[in-house]
Amino acid sequence: MNYGMIGYILAWVLTIESGFMVLFPPIVSLFYHDKSGIVFLITGLVGLAIGIPCIIRKPKNTSFFVRESFIVVGMSWVLMATFGALPFTFSGEIPNYVDALFETVSGFTTTGATILTNVEGLSHTCLFWRSFTHWLGGMGVCVFMLMIIPMAGGGSIHLMRAESPGPSVGKIVPKMRQSAVILWEIYIVMTVIQIVLMVICKMPLFDAICLGMGTAGTGGFGIKNDSLASYSPLLQWIVTVFMILFGVNFNVYFYIIRKDIKSALKMEEVRAYFIIILISILIITFNTLDFSNGNFGVALKDAAFQVGSVITTTGYSTVDFELWPTLSKTVLVIIMFIGACAGSTGGGIKVSRILISLRTIGSEIEHFIHPRSVKTVKMDGHSVEKETERSVSIYMLTFAVIYVCSLLVISMDKYDFTTNFTAVAATINNIGPGLGAVGPMGGFSGYSILSKIVFIFDMLAGRLELYPMLLLFWLPAWKKH
């Protein structure tokens, strides 16, 4: 275990977060005359005073392998959340630190679950910071850091694999550092395009920036109590389109930039992702026509928005889908678990894992019928390695174990089964709203401190694909040799 390198990377994470804290919130505070800006400035300066001296001297041994990568990614996200929550508490806008930590973890993990009952009561500075945590967490601070720090021993690829969502992560160009740059360039350009479009369509600039960052990170923190319900249908359609686009594997955009349309179209996961979205929209549209007074256009808009919001695990809302028919709510719960594509900013189990699992089941059924046959599982025309099949199966089992344990703990609170079941689904899949008391018009404020801590773990575990967080509690992983 290279403890020196772990400390070095954590210092970089603290420095990067503190730098953003010093740079952006005070500017917003000056513009809107918020008093909370000074809190962000002081907190950020303290973070820089701690982080900068620790990164001046780089460790002699810079080797970085799988174990260190997973542990440092888990620790980095815990550090980001615990430090990023401080201004909320120091400013008095979220006085309870556990609540502030819940809100910050929800931001960085792009979950969008909230303990706030009056979002509009926050200052512009705190609203901006909430949305900015979505944007930074969407692509990942460690991926951002890869653009700055070269690593030996394959450390870059290990770090990206530990932080990036999906069953497998590879380089899109030969150098990992260049891959990180390309991903962030795509991410920034798409974010700016969405913000510009929303401003052109008469959304206030502050709203466009905050909601644009929340959409890009597939986060879901709204800046109004009704989320996006009070915005025009055109603006809701723009957000719908971009939510779905940010749920696509970013390799597709790289292929498009390279004019390799054939490779982009060959990705089965992306095709399945759009098919699931289309089918879900059609089912909900026709099932909620009465809810929309027979207006097909309104039903289609609301169905498309909520399907895009849920499957990409963004979490914005335009209607209270808690009032929808059972069939529509069931569809939403199903796509909560499916989630977006691997290599996107979305959460959930991921479409690729679902496809591999279904094809593995088919392969096993075929093996029962023809015991001597050898049938391989394929994706994108290539055989899926047995190691990948095993990894997906273990992931699904681990996911189920964490889910059940979380559900048992929070069931000690006063809420009904539907609320508790979807609350765990909403946090571990990084969605935000669930059903019942945690629906789009509700929140998580009524849960006990213990339950909130469980949700905090679930949000971090879900965003980091489970294992980085589990390894933090696995004592053998911390042995030096």
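Let me sum up the structure you'll find in this document. Just so we're clear, the structure is a prediction, and the values are computed from it rather than from any experiment. (Residues numbered from 1 in each chain as written. Predicted model: local features only at pLDDT ≥ 70, side-chain atom pairs only at ≥ 80, totals over all residues. Heavy atoms only, no water.)

Helix and strand counts for the protein chain come out as 22 helices and 2 strands. Per-residue burial over the protein chain gives 58% buried out of 481 residues. About 19,800 Å² of surface is accessible on the protein chain, with carbon and sulfur atoms providing 69% of the total. (Helix = DSSP H or I, 4+ residues; strand = E, 2+ residues; numbered from the N terminus. Buried < 20%, exposed > 50% of the residue type's maximum accessible area, 1.4 Å probe, protein only. Areas by Shrake-Rupley, 256 points an atom, 1.4 Å probe, with all protein chains shown as cover.)

The complete set of buried residues in helix H2 (residues 25–32) reads Pro25, Pro26, Val28 and Ser29. Down the axis of H2, the buried set is contained in an arc of 160°. They therefore lie on one face. Exposed residues pointing more than 90 degrees away from the buried face of H2 are listed as Leu30 and Phe31. Two residues or fewer past H2, histidine 33 is found with a positive phi of approximately 60°. (Arc of directions from axis to C-beta.)

So, about the pattern of salt bridges. All told, the structure shown has 8 salt bridges when counted by the stated rule. The shortest N-O distance in the salt bridge between glutamate 103 and arginine 130 comes to 2.9 Å. Note that glutamate 103 is positioned in helix H6 (residues 97–108) and arginine 130 in helix H7 (residues 124–139), a separation of 27 residues in sequence. Comparing glutamate 103 with arginine 130 shows no difference in burial state: the two are buried. Ionic pairing is found between glutamate 465 and arginine 353, a salt bridge with its closest N-O pair at 2.5 Å. Separated by 112 residues along the polypeptide, glutamate 465 in the loop between helix H21 (449–463) and helix H22 (467–471) and arginine 353 in helix H18 (residues 351–369) bring together distant segments of the chain. Accessibility expressed as a relative area gives 6% for glutamate 465, which makes it buried. (Salt bridge = Lys/Arg side-chain N within 4 Å of Asp/Glu carboxyl O.)

At a minimum axis distance of 6 Å, the contact between H6 and H7 shows a crossing angle of 40°. The orientation of H6 relative to H7 falls into the category oblique. Note on element contacts: H7 touches H6 through Trp129, Arg130, Thr133, His134, Leu136 and Gly137, opposite Glu103, Ser106, Gly107 and Phe108. Its residues assigned to classes, the contact of H6 with H7 comprises 3 nonpolar, 5 polar and 2 charged. (Axes fitted to C-alpha atoms, helices over the stretch in contact; angles between N-to-C directions. Parallel < 35°, antiparallel > 145°, perpendicular 65-115°, else oblique. Contact = heavy atoms within 4.5 Å. Nonpolar A, V, L, I, M, F, W, Y, C, P; charged D, E, K, R; others polar.)

This part covers the environment of leucine 358. One can find leucine 358 in helix H18. Each C-alpha atom, one on leucine 358 and one on valine 377, is 9.6 Å from the other, the two residues being 19 residues apart in sequence.

Turning our eyes to something else, we now look at the nonpolar core. Most often, soluble globular proteins have nonpolar side chains that are buried together. Residues Tyr273 and Phe444 are the most contacted members of the largest nonpolar core, which totals 136 residues. Phenylalanine 444 has contacts with Phe102, Ala113, Thr114, Ile115, Ala423, Thr427, Gly432, Val438, Lys452 and Phe455, leaving out every residue within four places of it along the chain. (Core = buried A, V, L, I, M, F, W, Y, C linked by side-chain atoms within 4.5 Å.)

Here the focus is H21. Here H21 is 15 residues long and its end C-alpha atoms lie 21 Å apart, about the 21 Å a rise of 1.5 Å per residue gives. Within H21, 11 of the 15 residues are buried, which leaves the element mostly enclosed by the surrounding structure. Regarding H21, the residues found buried are Ser451, Lys452, Val454, Phe455, Ile456, Asp458, Met459, Leu460, Ala461, Gly462 and Arg463. (Expected span 1.5 Å × (residues − 1).)

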